[in-house]
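Close look at the chain arrangement
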Amino acid sequence: MTLSLVVTGLTLGILVQDFSHAVAESGAASGPEAGKEAPQGQQPFSASRAAREEKAIQDARRQKLAEKEAALASKEQELKNLSAKLEALVKAMEENKKKVDESVKARSGDQKKQQDDKVQKMVKLFKTMRAEQAGQLIDSLHENLALALLNRLDTKTVAKLAPFINQPRIVRWISENLKGK
């Protein structure tokens, strides 16, 4: 930027200098001081020309600086607006996350309650069945399900079913209960 200002200033200076030479030459031939030339080493109007050039350069710099400041202020305002939007989005996302978490928690609670209700129904079913039939059904269940069912049954019912259930299964159930699992 500074280089372009200097080049612009120099170009203006050269144009002004050429213009002042043209004016000086035309004035020298027809003015009252015709025949007199400017003292050697001095150019006419050099101090005021330099001052004008310097003022033009400073004005151009001020204008460029003002433009940059305005652009910077605009960008800063834009960043503030974007920051506010992002904060609002983050806040909204956090609220949505809380809602989803609450929903998942409620849903898992409902599912657990439903599962507990189903297991409780099975416990009632096995309590009402004849011991021989219940024992055969428990033997046909997967090992973990059979042990979970035996854990939910009361001791009196398990005692009635034990002779009809596979003995290693009953032994495993007893050992797990004794270990405190």
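Let us look at the structure shown here. It should be emphasised that the depicted structure is a prediction, and the values quoted were computed from it without experimental measurement. In this convention, every chain numbers its residues from 1, walking through the sequence in written order. Local features are withheld for residues below a pLDDT of 70 in this predicted model, meaning they are given only at 70 or higher, and side-chain atom pairs are given and counted only at 80 or more; totals for whole chains, interfaces and linings count all residues. The basis for the side-chain values is all heavy atoms of the structure; hydrogens and waters are excluded.

Some thoughts on the pattern of salt bridges
By definition here, a salt bridge exists when the distance from a side-chain nitrogen of Lys or Arg to a carboxyl oxygen of Asp or Glu is within 4 Å. Evaluated as defined, the whole model comprises 9 salt bridges. Measuring nitrogen to oxygen at the nearest pair gives 2.9 Å for the salt bridge that ties Lys-127 to Asp-154. Placement of the pair is Lys-127 in helix 2 (residues 46–128) and Asp-154 in the loop between helix 4 (143–152) and helix 5 (155–161), with a sequence separation of 27 residues. Between Glu-176 and Arg-172 there is a salt bridge; the shortest N-O distance is 3.3 Å. Of this pair, Glu-176 and Arg-172 both sit in helix 6 (residues 167–179), 4 residues apart, which is roughly one turn of the helix. Each of Glu-143, Arg-169, Arg-172 and Glu-176 takes part in one network of salt bridges that share partners. Secondary structure counts use DSSP, requiring at least four H or I residues in a row for a helix and at least two E residues in a row for a strand, with both numbered from the N terminus.

Observations concerning the nonpolar core
Where a protein is soluble and globular, its nonpolar side chains tend to be buried together. For this analysis, a nonpolar core means a set of buried residues of the types Ala, Val, Leu, Ile, Met, Phe, Trp, Tyr and Cys, connected via side-chain atoms within 4.5 Å. Classification of residues uses two cut-offs on accessible area relative to the type maximum, computed with a 1.4 Å probe and protein chains only: under 20% is buried, over 50% is exposed, and between them is partly exposed. With 15 residues, the main nonpolar core has Phe-126, Ile-138, Leu-149, Leu-150, Leu-153, Leu-161 and Ile-165 as its most contacted residues. Going through the elements one at a time, helix 2, helix 3 (131–140), helix 4, helix 5 and helix 6 are the ones with two or more residues in this core. The element best represented in this core is helix 4, accounting for 4 residues. If we ignore the near neighbours within four places in the chain, the residues touching Leu-161 are Ala-131, Ala-134, Gly-135, Ile-138 and Leu-153. Residue contacts are counted whenever heavy atoms from the two residues lie within 4.5 Å of one another.

Describing the side chain of Arg-169
Mapped onto the secondary structure, Arg-169 falls in helix 6. Each residue touching Arg-169, except ones within four places of it in the same chain, is listed here: Ile-138, Asp-139, Ser-140, Leu-141, His-142, Glu-143, Ala-146 and Leu-147.

Re the layout of surface pockets
In this approach the atoms are scanned with a rolling probe the size of a water molecule, which exposes any empty space left behind. Estimated volume of the second largest pocket: approximately 200 Å³. Contributing to the lining of the second largest pocket are Gln-115, Lys-118, Val-119, Met-122, Phe-126, Leu-141, Leu-145, Ala-148 and Leu-149. For the lining of the second largest pocket, the secondary-structure elements that each account for two or more residues are helix 2 and helix 4. Here the lining of the second largest pocket takes 5 residues from helix 2, the largest share from any one element. Classifying every residue of the lining of the second largest pocket by side-chain character gives 7 nonpolar, 1 polar and 1 charged. Buriedness for pockets is judged along seven lines, at least five of which must meet protein on both sides within 12 Å for an open set on the 1 Å grid over protein atoms alone, while cavities are sets there where a 1.4 Å probe fits but cannot get out, and lining residues have an atom within 4 Å of a point. Grid points are joined across faces, edges and corners, and a volume is the space filled by probe spheres set on the points. Under this grouping Gly is polar, as are all residues other than the nonpolar Ala, Val, Leu, Ile, Met, Phe, Trp, Tyr, Cys and Pro and the charged Asp, Glu, Lys and Arg.

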